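What follows is each chain in one-letter form.
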Amino acid sequence: MMNAESVYKIFLLFFVFSTALQLYLSVRQSRAVLRHHSEVPHNFIETVTLAEHQVAADYTLAKQRLARYRILYDSILLMIFTLGGGLNTLAAVSAKLSDGPITQGVWLITLFVLISTILSLPFDAYATFKLEGRFGFNRSTPATFFIDRIKGLLLGAIIGIPLLYAAIYLMGVTGHSWWLWVWLLWLVFSLFLLWAYPKWIAPLFNKFEPLPEGPLKAQIESLLDRTGFQSNGIFVMDGSRRSGHGNAYFTGLGTNKRIVFFDTLLKDMQPEEIEAVLAHELGHFKHHHIIRQMIVNFVLALGVLFILGQLMPHVAFYQGLGVSYPSHAMGLLLFMLILPVFTFPFSPLSSLISRKNEFQADRFAAETSSAHHLIQALTKLYRSNASSLVSDKWYERFYASHPSASERISALKRVSE
């Protein structure tokens, strides 16, 4: 039988363990980077200077210091919102803003999102203007920084508020099976966003210009023909407007798929290297990594909503977490708020799958393009993005979606032999 005390104790146990584990892993990563600060890893001796390696190490150390402060800050906020009564205060305010239970629920979640965004601003601003600026990556102005966040909030309101109304309504009228109906709603909504994002959402924040005609476009189109990839265009994004980091990706669903290059990437690389980077991204498509990940995410979401469906009828679920105003919206918000505390210890599983996918995509790029050119491209990306060339093994197991730099280069060299 569930009671408030047992819920409280289980939450507190996982909260302490998860927070301590995150801090411990961050410290391990910093120590690993410091140990190798004075020497370039073997695979990069000929391509990365000691000065470049040390800049990347210093950048990583600075990010880890900020990450530890952020872990502590977010942990304190979580305790304030839950056991500290913060959600109770938001629920009381929501009750004064509306008499209808559905609208009260929408107000509750909207207020939480708005306050959370405001509370995250100091860290976001420091990361952008101090940390990124110190290492020469920030290109964003204060005006762009704040406009982006206002746009994000407005877009979230336009898209999210109708979704919240629909979800809370379904939770109230579909009985014990509400979790299935809400999952179906979320599934349709997610697929719609994947389809709409490239054409309607992303352009609200960045400019996308078609890749100009020329040798590079012809080379890329030849690669697309060889791999059988159909897209709705090849675009260049003005990434340099906000950051000096470079990247490439493809996005969208169905006929709305797009290939996108950051302008910073095109500036730093030769056509053969750009082709190899794109071949890696297409490797994810050819091996069905994206579809598989979508399916996994959908199944996990179904499981999460099912668990919430079993917890919500129990008053102890709310009381044990410091909440005195049970409701459908409160249950949804509370569960999503505490979920990372319970899921973080299982992060190595998803990270392991992601790293295996990256190795597969690298092999595909080596087979359809060039292992040599991909090595050159990756080295340039590590150097231009000041990515650390070393990593603590345990930190990597929890956080790394990509294999370490040395592992990727070694694997590509074996393929090319």
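Residues numbered from 1 in each chain as written. Predicted model: local features only at pLDDT ≥ 70, side-chain atom pairs only at ≥ 80, totals over all residues. Heavy atoms only, no water.

## Quick word on the sheet that holds strand S3 (residues 248–251)
1) Next: Spatial ordering of the open sheet is given by S1-S2-S4-S3, a layout of four strands whose pairing is mixed. Each edge of the sheet is formed by a strand with only one pairing partner; in this case those strands are strand S1 (208–210) and S3. Looking at each pair of strands side by side, their axes are set apart by 30° on average, direction ignored.
2) Next: Note that S3 and strand S4 (residues 258–262) share four bridges and pair antiparallel. What sits directly across from tyrosine 249, in S4, is valine 260. (Pairing = 2+ DSSP bridges. Helix = DSSP H or I, 4+ residues; strand = E, 2+ residues; numbered from the N terminus. Axes fitted to C-alpha atoms, helices over the stretch in contact; angles between N-to-C directions.)

## Some remarks on the packing of aromatic side chains
1) Next: Applying the stated criterion across every chain yields a total of 20 aromatic pairs.
2) Next: Aromatic side chains phenylalanine 192 and tryptophan 195 sit 6.2 Å apart centroid to centroid with 35° between the ring planes, which places their arrangement in the tilted category. Of this pair, phenylalanine 192 and tryptophan 195 both sit in helix H6 (residues 178–201), three residues apart, which is roughly one turn of that helix.
3) Next: With a centroid separation of 5.2 Å and 70° between ring planes, the pair formed by phenylalanine 317 and tyrosine 318 is classed as edge-to-face.
4) Next: An aromatic cluster is present here, built from Phe344, Tyr395, Phe398 and Tyr399 joined pairwise through their rings.
5) Next: The aromatic ring of phenylalanine 145 is capped on one face by arginine 149, whose charged end is 3.7 Å from the ring centroid.
6) Next: Stacked on the ring of phenylalanine 229, the Lys or Arg lysine 257 has its end atom at 5.7 Å from the ring centre. (Phe/Tyr/Trp six-rings, centres within 6.5 Å; stacked < 30°, edge-to-face > 60°. Lys NZ or Arg CZ within 6 Å of the ring centre and 35° of its normal.)

## Here we look at the pairing of S4
1) Next: Across the five residues of S4, five count as buried, placing the element largely inside the fold.
2) Next: Here S4 shows no split at all, with Arg258, Val260 and Phe262 on one side and Ile259 and Phe261 on the other all buried.
3) Next: Note: strand S2 (residues 234–237) against S4, four bridges, orientation parallel. Residue pairing for S4: isoleucine 234 is matched across the bridge by isoleucine 259.
4) Next: Hairpin connection of S3 to S4: six residues between the antiparallel strands, including glycine 252 at a positive phi of 100°. (Buried < 20%, exposed > 50% of the residue type's maximum accessible area, 1.4 Å probe, protein only.)

## Describing the UniProt feature "binding site: Zn(2+)" (unreviewed entry) in the protein chain
1) Next: Here the UniProt-annotated "binding site: Zn(2+)" (unreviewed entry) positions come out as His280, His284 and Glu358. Spatial clustering of the annotated residues is evident: they stretch over 79 residues in sequence, but the largest pairwise C-alpha distance comes to 8.2 Å.
2) Next: Along the polypeptide, histidine 280 turns up in helix H9 (residues 271–286).
3) Next: On the basis of relative accessible area, histidine 280 is assigned to the buried category, the value being 5%.
4) Next: If sequence neighbours within four positions are ignored, histidine 280 has contacts with Glu358, Ala361, Asp362, Ala365 and Arg408.
5) Next: Relative to the assigned elements, histidine 284 resides in helix H9.
6) Next: Leave out the neighbours within four places in its chain, and histidine 284 touches His289, Ile290, Asn357, Glu358 and Ala361.
7) Next: Polar contacts involving the side chain of histidine 284 include one to the side chain of histidine 280, which spans 3.3 Å. (UniProt positions renumbered as here; feature names shortened; annotations may be inferred. Contact = heavy atoms within 4.5 Å. Polar contact = N/O pair within 3.5 Å; in protein donor to acceptor, adjacent residues only side chain to side chain.)

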